[in-house]
Amino acid sequence: MIYLLWSLLNIGIFIFFIATCFKATKLVREKLGLFASIIFVFGLLSFVGNSSNDNDNKEPNSNHIKTWKFVSEDSLKSNDSYLLDIDLEKTLIAKYYLGIKYGKDKQGRINVPISASSWTNGFISGTNWKPISIIVKTTDDNNKFEYSVDGVVEWKLLGATIYSELKEYKGIAMTK
């Protein structure tokens, strides 16, 4: 019974919101003109259209960041894993990161990459980072990994993608 009441309440609030938006659009058109009302409508639609979080960098059916897995943790020395955080790029308002989880082989001598993921932090409004590929390889030096991260930064205005910028990061990560 409570679910029915809750659903009816949500439907009522949604209808009230739609009616309020129509009245607000009419007021904006009367006071500021047709161009301002069109921008207002596109702005409202962008918020409604993007009301859920962007799931491009999320695991399916999960809230966790997408992870690239390289080896099974069962094939490594148990209870012996480490995390590396690498700054891929720093801008004035945001940072792009790569996280690498690694462990030791069964003998405890060689560092082996287990998984990796990439994310952004900071003021990221208007942009969307979509990592496409993450590769982490061992090197001749056991204390270093070679990494490559490919992705796309989508630049958005009012919810519409204006420009897609390809990004490629390569480098060497030092283990602890």
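Residues numbered from 1 in each chain as written. Predicted model: local features only at pLDDT ≥ 70, side-chain atom pairs only at ≥ 80, totals over all residues. Heavy atoms only, no water.

Participant: Report on the pattern of salt bridges, specifying residues and quantitative values.
Facilitator: Under the criterion given, the structure shown has five salt bridges. With its nearest N and O atoms 3.6 Å apart, the salt bridge here joins Lys167 to Glu165. Look at Lys167 and you get buried, because its relative accessible area is 16%. Where Lys170 meets Glu168, a salt bridge forms, and the shortest distance between an N and an O atom there is 3.4 Å. Judged by relative accessible area, Glu168 falls into the exposed class, the value being 52%. Connected through salt bridges with shared partners, the residues Glu89, Glu165 and Lys167 form a single ionic network. (Salt bridge = Lys/Arg side-chain N within 4 Å of Asp/Glu carboxyl O. Buried < 20%, exposed > 50% of the residue type's maximum accessible area, 1.4 Å probe, protein only.)

Participant: So what's going on with the confidence of the model for the protein? Residues and values would help.
Facilitator: A low pLDDT score tells you not to read the predicted coordinates there in detail. The share of residues in the protein with pLDDT of 70 or more is 85%, and the mean pLDDT across the chain is 83. Averaged over each element, pLDDT in the protein is lowest for helix α2 (residues 34-49) (77) and highest for strand β5 (residues 127-138) (92). (pLDDT = per-residue confidence, 0-100. Helix = DSSP H or I, 4+ residues; strand = E, 2+ residues; numbered from the N terminus.)

Participant: How would you sum up the layout of surface pockets? Please name residues and give values.
Facilitator: A volume near 200 Å³ is recorded for the second largest pocket. Along the wall of the second largest pocket there are ten residues; nearest its centre are Ile18, Cys21, Val41, Leu44 and Leu45. Of all the elements in the fold, those that place two or more residues in the lining of the second largest pocket are α1 (2-32) and α2. A total of six residues in the lining of the second largest pocket trace back to one element, the largest contributor, which is α1. Residue composition of the lining of the second largest pocket, by class: nine nonpolar, one polar and no charged. (1 Å grid on protein atoms, 1.4 Å probe; cavity = no way out; pocket = protein on both sides within 12 Å on 5 of 7 lines; lining within 4 Å. Points joined across faces, edges and corners; volume = space filled by probe spheres on them. Nonpolar A, V, L, I, M, F, W, Y, C, P; charged D, E, K, R; others polar.)

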